[in-house]
Structures are given as C-alpha cells and as structure tokens.
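What follows is each chain in one-letter form.
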Amino acid sequence: MGLTKQYLRYVASAVFGLIGSQKGNIVFVTLRGEKGRYVAVPACEHVFIWDLRKGEKILILQGLKQEVTCLCPSPDGLHLAVGYDDGSIRIFSLLSGEGNVTFNGHKAGITTLKYDQLGGRLASGSKDTDIIVWDVINESGLYRLKGHKDAITQALFLREKNLLVTSGKDTVVKWWDLDTQHCFKTMVGHRTEVWGLVLVSEEKRLITGASDSELRAWDITYLQEIEDLEEPKPKKIRGSSPGVQDTLETENGALETDGAPEDRILSCRKAGSIMREGRDRVVNLAVDKTGRILACHGTDSVLELFCILSKEEIHKKMDKKMKKARKKAKLNSCKGEEEDPEINVEMALQDEIQRVTNIKTSAKIKSFDLIHSPQGELKAVFLLQNNLVELYSFNPSLPTPQPVRTSRITIGGHRSDVRTLSFSSDNIAVLSASADSVKIWNRSTLQCIRTMTCEYALCSFFVPGDRQVIIGTKTGKLQLFDLASGNLLETIDAHDGALWSMSLSPDQRGFVTGGADKSVKFWDFELVKDENSTQKRLSVKQTRTLQLDEDVLYVSYSPNQKLLAVSLLDCTVKIFYVDTLKFFLSLYGHKLPVICMDISYDGALIATGSADRNVKIWGLDFGDCHKSLFAHDDSVMYLRFVPKSHLFFTAGKDHKIKQWDADRFEHIQTLEGHHQEIWCLAVSPNGDYVVSSSHDKSLRLWERTREPLILEEEREMEREAEYEESVAKEDQPAVPGEIQGDNYFAGKKTIETVKAAERIMEAIELYREETAKMKEHKAICKAAGKEVPLPTNPILMAYGNISVSKMCNSFSLVIQSELEESLLVLPFSYVPDILTLFNEFMQLGSDVELICRCLFFLLRIHFGQITSNQMLVPVIEKLRETTISKVSQVRDVIGFNMAGLDYLKRECEAKSEVTFFADATSHLEEKKRKRKKREKLILTLT
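Residues numbered from 1 in each chain as written. Predicted model: local features only at pLDDT ≥ 70, side-chain atom pairs only at ≥ 80, totals over all residues. Heavy atoms only, no water.

Draft legend 1. View of the sheet that holds strand β37 (residues 488–493). Ordered by their spatial adjacency, 4 strands build an open sheet running β34-β35-β36-β37, and the pairing between neighbours is antiparallel. Single-partner strands in this sheet number two, and they are β34 (457–462) and β37. Sheet twist, expressed as the average angle between the axes of neighbouring strands with direction ignored, equals 20°. Bridge count for β34 against strand β35 (residues 468–473) is 5 bridges, and the pairing is antiparallel. Within β35, the position partnered with C459 by the bridge is G472. (Pairing = 2+ DSSP bridges. Helix = DSSP H or I, 4+ residues; strand = E, 2+ residues; numbered from the N terminus. Axes fitted to C-alpha atoms, helices over the stretch in contact; angles between N-to-C directions.)

Quick look at the structure:
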C-alpha cells in the first residue's frame, strides 16, 4: 500500500453568539441556593445557564448532537431534565453540570416533560404520540401510554391522586389512571388542537388553551370522594328513596354517576370560557407555583395575566353583588314597581378568574416562566424570537399592577441572522454583522467586545491595520466604522442595488465591490481631514467602474492582483485583467448562479460554488474545468480556501460544512453541528480557525488540531456511523403476546443496548469456556493424582485476575435505563446460563435489587420457554429459595434503617419540641371536615 496523504482534523471548539434557541422553553433554575436569579435556556444542542443579574453565562450543560426541545427542573431544584429532538432525555445535575442519566424511548422529538410532586417520576410526551412515565430514582422506564393520535402538547401529574392528564394536537384531553396504566376518560370538547392545559383551584378546575381566543374552564369532581371506602357510610334517611342522591346530582349536571367505569374516578363539566385579547392560538399556558396567577400568550409579543380568586375573595365579591342587587330592588320598590321576593345573583366564571394585566415584550414571545420572589413580587422571564432574554417583575397584590422590565440579556448575540463574518489579520478578533448590528468578538474568550448599529450587512472586512472595518449593505451603501470608539466614521452610497460582495486588494491599498446595479467599482483608501478634530481619518474614494450586462453576485482578486473574477447572475464567472479591465476568460457550466468563489494562494486554481449544489474547480491559466463535485444536498452558500494550501471549505444550506482537497478532488471531512442553513464562514489568516454562522442564530468556532486525519479511516468511521443509525431504526424486538410494531416497554433499541447485549453474551461465553476448562482440569488432577496448575484466561488476567463469576457480572456495567432493552435483545440460548449465574450471585448477596430486576424481567418475557423446559426446574427452585431469603434480608436491613431513622426523628422532635412531621394529623382533620360536610349535605337533601 502506497503512502496516504495525511490531513489535520478540524474539531468543534465552541458555540457563541447565541442567547437562546427557539425550539425549547426557558425555565428558572435554583443555583447556589438562589431562586429567581438564574435561568436555563436551550442553545442548539447545549443548555446555557444565564445569571440575569449580571447578564453572564455561568454554566453550559453539554449536549451531543441533537437540538434541545424541552426543559423541566426537578421539584428539589438539584436536577434539570432535558428533552432532545431525537426523542432522548438526559437528566443533568445542576451542581456538577454533568448528565448522569439518559432515557431512550421515544422515536421523535420530546414536546413536554413534567415531574411529579416528589420528583420521583418523570412523564415525557413526544411527537410520536406516546407518553412514557420514567422512574428517575431507579433510572428505568415504568410504562408507555398509547392513545393520542397526534403530538402530545402537555402532560400533568395530579398531586393528590395517581392520575395523569395529557393534551395533544388531536384535539382531545385524556385522563390516565397510573395504577392500571389505562385511559379512563377522553374529553372531546375542543374543535382544534389543545396547545396547553393547567390545573388550578386545588386541582378542582382544569383550564385548556386551543387554537382560538377562548380559554376553556372545566370543573373536575372526584367521585371517589363521595364513595370513599375508608369512611363509614352515612345512615339512610327515613322517607328518602334510594336513588334521591343520584337523581339530584345528575340534574345539577355536576356528577354523572351513570355506572360507567370511567365516571367512577372523576367527571368533568364545562364551567365556561375566558376570552383572551389575542386572536391567534395559545402557544404557552402556565400557572405559578401558588396556583393563583394564570398566564398565557399567543404568537405575538403580549403575555396575558389572570388572577384566580380564593373562596373567601369570591364570597366577598358575591356579597357585594348581592348588596347591589338588593339596593336596586329597594329603589325599584320605592318607584312603585313590584319588589321581587327572591333576589338571585348568579356566579359567573369571570367572577372567579379576573384579568390582572398584560406584559408587552420587545419582540415575539417563544416561551416564558414565572416565579415568586420573597418580597411578594412575581417575576416573569421571556425567551424571545430574536435571540433575547427579558425579565419583568410586578406586584400582583396591587389594584393595578404595572410590569417593569428589570433586566435583559442582549450583548451575547445578534437579533437576526449573521450574514457576514471576517477575521482580523492577527487571528484574534472576529467580526460578525447582521441586519441591525456589527459585533466584534475576542476569539479566545468568545466575549463580545464591541457592538455597533449598522444597516442590513451583506459583506465585510477588516481594513489593514485592524483599526477600522468596512461593511457593505443591502441598500448599496459602504459603512466605515472605527473600532476603538465604536463610531460610524462615514457612509458612502456605492451602488444603486444591494452590495453583494467586496474583495480587498492583495497590495492592501484598496478594494473592489460588486452590486446588483450590474457594476463593479474600484476603491482606494485615503486619509482626509476630520471636521471634528485636527487629526486625519481614514476614508475611501472611487477610482474606476466596470459596467456589466448582469447583476454582480461575487468578486475576487487573484493573489498577484493581475486578474479579477466576477460572478454574474447568468450563471457564468467572467475573469478580467485588473489594469486594463479587458475580458480574459469566461467560466461556464453551472446550471444556477455562482453564489461564492475563491482563488487559491498561488493563483493556479479558482473554485466556484453554486445554487445548483455543485462545486467546480477550474484552472486560472486556461479556464478549463478540472473537476465538478456534487458538494451539498442544497445550495452551496460559501467557499473559502485555507491559506497556503489547496484545501478549501464549503458551507451549504444542508446544515453542513465540508472540507475538500482541490488537487486530489477528495472530500476530507464534514463538520456537523449547525441545525439550520449556514449563511457564511471565515477562515483565519493562519488557517487554524474556521468560524461559521447559521439561521439557528449560533456562531461556531472550529479549530485545527494536531491529530492526523487519514481518509480511509474517516470513510470507515462514516460507514460505522451509518450502520449504527440503521441498527437503531430496525424493527423493535416483539415480546410474546404483543403485536409487531407496538412497543409495550418504555425503552427502545439503540446501538448502546445492542452493544450492552453483546457484552453480556461475551461474558456468558467466557463463563461456558471456563466451566468446561474447570471440569477438564478436575479430571486431569484426578488422573494424575496430584494438583496440576490451572492455566489462567488472558482476558481475566487483563482485568486483574478476577474470577469468572465477577467477569460475568456485566449487568452492573449496563446503563440502568437500558437494562431491559439489552436483555430483550439476548437470544434465549443464553438465558439458562444467566439463571444459573443469578443463583450464584444471589448466594453471594451482591447487587440483590439489580439481579431481582433482571430475573423478573427474563421470567416475564421468556415465561413459556422457561416453564416448559424440564432442565430449568431445579434451577428455578433454587433461585426461588435464595431470592426469597436474600430479599427478606435486604428488606430487614431497610426496615431496621427506617426504624433507626424514625427513632432519630422522634429524638429531634422531642429536643426542639416542634412537630416537623404533622402530615398524618392534618390528613385526619381534612377527612373529618369532609365527613361533616357530607352529613350536612345529606341533612339538606332530606
């Protein structure tokens, strides 16, 4: 094999210029014991934690590849659950910033995440229409709930009862009984998608938001409260027929006890609607921790706030209404009209839920979160559409609360997409410009050091000396900025249309511009007297114009400054002599206009990238096409040669950056990371850094490493990645009694579960080999009449001379959340050996809980085959005995520890003479209160 050419690998170094991406939601997080100061926002595949007071990024929760779609902090404030676009969920510790737990179960992006009250369970909803409930402590999936016909939009646990309520784009709200894992009620009162739902008034009312301007309220009545088995039934009242209570309830329409099984748990009745001011759909609907403030917003920039009144406040309000009505009735009677003997005042939904105020943000709202500060103020934080975070606060107890903007995070990014990037000559500063501003970044610290307002920028460069920058705009203007002061020095009307491209001359004395007015203009730098000061300042003057027949899209000087390449709207590239402006060559062959091009450092090659997705490499001496490469799956947006080489980078609308060799016409590597179209890139003068910008609002820095890249290995890695993807997309293994395609378990098959299963199989095969060797060794010793040394297996030796049973305990090495799926992939031929090993592990008393979990799972999925196999009967018998005894031991240890903790708790209570744990007594009082209420109700019925 001949010597292969080696290249150096470029790797992702950092993501900057991004405050928060649009796909996910913003949440308040507790950090260092402080609430209301820090927020977590999705940032492409990462999660950024921002300090609202200082406006600084203090922590990055590193993601892998997929975009973040959902965030949910745990009730204890120590963890953050993050949902991704590929359906995976990771739980990060906010103390260490590491993702300890990963759940894989969904086939599409996560749309909602919710913890239960204690934080032990996590419900996730996805675009694949499934809801999965995960056990966070055990790191495993509990069950999958199927029933919705479209993406899930919201899921909520109930505090008091083991129920879950979910909404979806299929226009229905479903109630799930988590004890039996089935849907017992489906609410079909909506005509359009249900985008959000909240529980208020001590979970006695459900409020839903759909695609219209109504917020619908539903009264929830828990029927188990009436038929509570723990309480004595009230005595029958003489003279009342057996069905009196039932008939009265159905007449009122509050309770529907028609004997249907779903109505045995709860019933829902529509209480009315609250009208929003927004005419479009509800995007987010949320309630604060106290359940008093309800907030919602649509696709605009207004958050509407409502106050849910307490029972006392409603009573006061109704009393006032009653007084008014009586006064009115008195006045009428004075005028001679008949007085109405009975004055009825009906309570409307508007009396219970009042509009408080509206918060108007500076741009469209993408998501928000609410939190109460200790001072009694309510804080609302917003993630806006234009890469901005704003914090508002107001006091809801005031009669007319006025929201005040207390802080905003703006410096860390542009408000719109970055259209042009440039490096300074010393590789330290990076310029980025968008539709409204120019920012200068320090490459090493990634801090924004200057922000200057400009017009819509299309192209830019640092003036030699790196003290000024020039921007070309969409209106055809040249804007000259001074970096030291951040001032706009001069604005020159250069072209009548958009100024698409600029190229600095190699002698650094001037530059050339090309615009939509079909002309190429030559400019020289000059020093002019400043009107405001005695010193001279930099300016530019036009020297020549080259008029053409088509719009100019791109211009580029050759390194020796003899030739000028001009890309035109007619899909050709024309090359002119710079000194005489005479035509030299025409490069034609692209089917669509050439958007970008670059000339190599030695002037031998020109590479052109077009909207037809191709890159063509031409010789500049004769204009011959050396090679046409199908480069991207969408338009090629930008192309740049690496200085002092014939390697070049291309950026495309297919979210990828690719590196190519222009001599060998080889694709070297693909830089994946952006999640939207890439608009432009810049290569540093020394070639060590590449910076790129995208429609996902992020700027990414890529760094050249010292690691050599060999093409054959790179292609092999690409093939492996493709294979791993295909493995994950294969049919899921079916459990006996389950229809193919229906997945009963919470997890899903991934390359990790396949690898884990392979590790277990390898360990079992090693166990088989070693047991066979041991038998042989015993026979040899018997025949020889003395002890013969046993040869040690090199694998066991490598692990430090461990025993074969320890080697086989590879179950503990499998990630807990993927354990069931790994066992499901195992062929049955390995199960008898596993059961024998489990017996050994049980007797040793190692990992009893884990072994029991694996054992019960294997028994469940291979029940028929295990019970019909006579060879396994003694193994199962032994397992039964050891399992029962060992589990009893573990239970006794836990019981002893619990008793010890109880004793310590009583000691603490006795010392401080304060009852910390008065839950039981309050529960009993609540029951007594309910019983008295019921007795009163029965008395009134009689």
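Draft legend 2. Layout of a positive patch on the surface. Where like charges cluster on the molecular surface, the positive patch consists of K204, K311, K930 and K933. Structurally, the position occupied by K311 is in helix α2 (residues 311–334). Residue K311 is classed as exposed on the basis of its relative accessible area, which comes to 57%. (Patch = residues over 30% accessible without salt bridge, like charges linked within 9 Å, V, L, I, M, F, W, Y side chains within 5 Å. Areas by Shrake-Rupley, 256 points an atom, 1.4 Å probe, with all protein chains shown as cover. Salt bridge = Lys/Arg side-chain N within 4 Å of Asp/Glu carboxyl O. Lys, Arg positive; Asp, Glu negative; His and termini not counted. Charge placed at Lys NZ, Arg CZ, Asp CG, Glu CD. Buried < 20%, exposed > 50% of the residue type's maximum accessible area, 1.4 Å probe, protein only.)

Draft legend 3. Layout of the sheet that holds strand β4 (residues 46–51). Spatially, the 4 strands line up as an open sheet ordered β2-β3-β4-β5, and their pairing is antiparallel. Edge positions in the sheet fall to β2 (27–31) and β5 (56–61), since each of these pairs with one other strand and no more. Neighbouring strand axes in the sheet, compared pairwise and without regard to direction, differ in orientation by 40° on average.

Draft legend 4. Here's a closer look at a negative patch on the surface. Side chains of E758, E762, E765 and E769 sit close together on the surface and give a patch of like negative charge. When you line up the elements, E762 lands in helix α5 (residues 751–784). E762 gets classed as exposed once you look at its relative accessible area, which sits at 54%.

Draft legend 5. Molecular detail of the packing of aromatic side chains. This model, assessed by the stated rule, comprises 12 aromatic pairs. Ring centres 6.3 Å apart and planes at 10° place the aromatic pair F511 and W523 in the stacked group. Of this pair, F511 sits in strand β39 (residues 510–515) while W523 sits in strand β40 (residues 519–529), and the two are 12 residues apart along the sequence. Judged by relative accessible area, which is 1%, F511 ranks as buried. (Phe/Tyr/Trp six-rings, centres within 6.5 Å; stacked < 30°, edge-to-face > 60°.)

Draft legend 6. View of the nonpolar core. Counting residues in hydrophobic clusters, the biggest one holds 43 residues, and the most contacted among them are L421, I606, F649, I657, L681 and V691. If sequence neighbours within four positions are ignored, L681 has contacts with L421, Y638, R640, F649, T650, A651, I657, V690, V691 and S692. Grouped together as the second largest cluster of nonpolar side chains are 31 residues, A756, Y767, I851 and V875 included. (Core = buried A, V, L, I, M, F, W, Y, C linked by side-chain atoms within 4.5 Å. Contact = heavy atoms within 4.5 Å.)

Draft legend 7. View of the environment of C680. Within the secondary structure, C680 is located in strand β54 (residues 678–683). Each residue touching C680, except ones within four places of it in the same chain, is listed here: V418, R419, T420, L421, Y638, V691, S692 and S693.

Draft legend 8. Just the packing of helix α9 (residues 831–844) against helix α10 (residues 848–861), in detail. Across the interface, α9 lies against α10 with an axial gap of 11 Å and an inter-helix angle of 155°. On the basis of their axis angle, the class for α9 and α10 is roughly antiparallel. Viewed along their axes, α9 and α10 form a crossing whose handedness is left-handed. Contacts from V831, I834, L835, F838, F841 and M842 in α9 reach V848, I851, C852, C854, L855 and L858 in α10. (Parallel < 35°, antiparallel > 145°, perpendicular 65-115°, else oblique. Left-handed = near helix turned anticlockwise from the far one by under 90°.)

Draft legend 9. Spotlight on a nonpolar patch on the surface. On the surface, L901, Y903 and L904 cluster together into a nonpolar patch covering about 330 Å² of accessible area. Within the secondary structure, L901 sits in helix α12 (residues 873–912).

Draft legend 10. Fine view of the confidence of the model for the protein chain. Looking at the protein chain, pLDDT values average 86 and 89% of them are 70 or higher. In this model residues 226–231 is a low-confidence stretch, pLDDT under 50, and it forms 10 contacts with partners more than four residues away in sequence or in other chains. In this model, residues 233–259 is a region of pLDDT below 50 whose contacts with residues beyond four sequence positions or in other chains number 27 contacts. (pLDDT = per-residue confidence, 0-100.)

Draft legend 11. Quick look at α2. With 24 residues, α2 should reach 34 Å at 1.5 Å per residue; the first-to-last C-alpha distance of 35 Å fits that figure. Within α2 the residues assigned to the buried category are I314, M318 and A329. Tucked inside the fold, the buried residues of α2 contact α3 (349–352). (Expected span 1.5 Å × (residues − 1).)

Draft legend 12. Summary view of the side chain of N386. You can see N386 is positioned in the loop between β27 (378–384) and β28 (388–394). When near neighbours in sequence (up to four residues on either side) are disregarded, N386 contacts A363, H414 and R415.

Draft legend 13. Structural detail: the pairing of strand β14 (residues 152–157). The element β14 is extensively covered by neighbouring structure, given that 6 of its 6 residues are classed as buried. One ladder, built from 5 bridges, connects β14 with strand β15 (residues 163–168); its direction is antiparallel. Residue I152 lies in a different strand from β15, and its bridge partner there is G168. Here β14 folds back onto β15 in antiparallel fashion, the turn holding 5 residues.

Draft legend 14. Quick look at the environment of K755. With respect to the secondary-structure elements, K755 resides in helix α5. Taking the C-alpha atoms as reference, K755 lies 9.5 Å from V814; in sequence the two are 59 residues apart.

Draft legend 15. Local environment of the environment of R419. Along the chain, R419 turns up in the loop between β29 (404–409) and β30 (420–423). Spatially, the C-alpha atom of R419 lies 7.4 Å from that of S693, the residues being 274 residues apart in sequence. With residues up to four places along the chain from it excluded, the contact list for R419 reads A433, S434, Y456, A457, L458, W679 and C680. Polar contacts involving the side chain of R419 include one to the side chain of Y456, which spans 3.5 Å. (Polar contact = N/O pair within 3.5 Å; in protein donor to acceptor, adjacent residues only side chain to side chain.)

Draft legend 16. Expanded view of the pattern of salt bridges. Enumeration according to the criterion identifies 32 salt bridges in this entry. The salt bridge involving E714 is made with R9; its shortest N-O contact spans 3.0 Å. A residue pair is termed long-range when its members are at least 10 positions apart, and E714 in helix α4 (residues 711–729) and R9 in strand β1 (residues 7–16) qualify at 705 residues. For the pair E714 and R9, one class covers both residues: buried. Residues E34 and R37 are paired through a salt bridge, measuring 3.1 Å at the closest nitrogen-oxygen approach. Within the structure, one salt-bridge network assembled from shared partners comprises E34, R37, D51 and R53.

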